[in-house]
Amino acid sequence: MPSWYEEVVVEIGFVGLGIMGQPMALNLARSGRPLVVWNRSPHRTEPLRDAGARVAATPAEVFSSADVVILMLADEAAIDAVLDRRTDRFAHNVNGRTIVHMGTTSPDYSHDLGTDIRAAGGDYVEAPVSGSRGPAEAGELVAMLAGAPEAVARAREAIAPMCADVVDCGPTPNALLMKLSVNLFLITMTTGLVEAFHFAERHGLDRHTLVEVLDAGPMASKVSRAKAAKLLAADFDAQAAARDVLKNNHLITDAARAAGVASPLLDVCLDLFTRTVELGHGEDDAAAVVHAIRERSDAAQPHQDAFHQLQ
């Protein structure tokens, strides 16, 4: 081989190191893939530096270094800001690169973003994930991919170390619509489990026995076991924060309304998670919705007492 030959190792970019993003990026770094990361709060980058990733000073440095850039950001405004969307720097950031959107936004926003990225010479892939902090730490997320086949293949290879499974959902915005479908089930299931705990609690039942019965039966799942353990311990350290659940609830509700789809169970969950956040539990785990349910029981108690006094 000629002495002047030097293999060029292309880094993967990762922007957004929050509750989900940090463990996801750590799995990517530990896989041995060259990685460059950026986060608005610098202290979140330290574990990545320790794992061998390069820490960029700006998002623009990530785009200039990587052919595939993964975005795991909180909302649409954060994505637009990182990409410098609607400025003359946007095309420079995305041209010739594959942008992989792994967060959860509205499907309409994602569709428009993909149109803008492709018009500027880039490729765009939706890759939202199913799973909370625990699966993210274990590399057991399920990713849903949507986009052009060639871009999807690049994204699939890049995100593989973070996922237990990767599912192709077709063109955008099908991956985000699929994610919202999955989250509808997750939100209503989690709320139902919490309400069952509250029901048992108010009837004086032993909650450990409830867990024993649930774990032995057909409804047991990784989600039920994780949330039941939190409820037993009154541990509300966030695996999936109530504020994020509320955001997802709004996204699903908006998509349902736009399509004329009824969502009766989700509408109740929207009220409960709205109240959970109002009560100051937005940064707590989704299991903290129990506080809103308890409040409803407490509000109903005086009416029940008055009714029994009349009997």
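These numbers come from a predicted model, not from an experiment. (Residues numbered from 1 in each chain as written. Predicted model: local features only at pLDDT ≥ 70, side-chain atom pairs only at ≥ 80, totals over all residues. Heavy atoms only, no water.)

(A) Spotlight on the environment of histidine 203. With respect to the helices, strands and loops of the structure, histidine 203 is situated in the loop between helix 9 (174-202) and helix 10 (207-216). Each C-alpha atom, one on histidine 203 and one on glutamate 46, is 48 Å from the other, the two residues being 157 residues apart in sequence. Reaching out from histidine 203, the side chain makes a polar contact with the backbone oxygen of phenylalanine 199 at a distance of 2.9 Å. (Helix = DSSP H or I, 4+ residues; strand = E, 2+ residues; numbered from the N terminus. Polar contact = N/O pair within 3.5 Å; in protein donor to acceptor, adjacent residues only side chain to side chain.)

(B) Up close: the nonpolar core. In this structure, Phe14, Met24, Leu35, Leu48, Ile70, Met102 and Ile159 are the most contacted members of the largest nonpolar core, which totals 33 residues. Leave out the neighbours within four places in its chain, and isoleucine 159 touches Ile70, Met102, Ala127, Ala143, Leu145 and Val166. (Core = buried A, V, L, I, M, F, W, Y, C linked by side-chain atoms within 4.5 Å. Buried < 20%, exposed > 50% of the residue type's maximum accessible area, 1.4 Å probe, protein only. Contact = heavy atoms within 4.5 Å.)

(C) Region of interest: empty space enclosed by the protein. Under the criterion given, the structure shown has 1 cavity of 30 Å³ or more. Taken as a whole, the largest cavity encloses approximately 40 Å³ of empty space. In terms of lining residues, the largest cavity is bounded by Val194, Phe197, His198, Glu201, Arg207, Leu231, Val290 and Arg294. Of all elements in the fold, only helix 9 and helix 14 (290-310) reach the threshold of two or more residues within the lining of the largest cavity. It is helix 9 that provides the largest number of residues to the lining of the largest cavity, a total of 4 residues. Of the residues that constitute the lining of the largest cavity, the class distribution is 4 nonpolar, 1 polar and 3 charged. (1 Å grid on protein atoms, 1.4 Å probe; cavity = no way out; pocket = protein on both sides within 12 Å on 5 of 7 lines; lining within 4 Å. Points joined across faces, edges and corners; volume = space filled by probe spheres on them. Nonpolar A, V, L, I, M, F, W, Y, C, P; charged D, E, K, R; others polar.)

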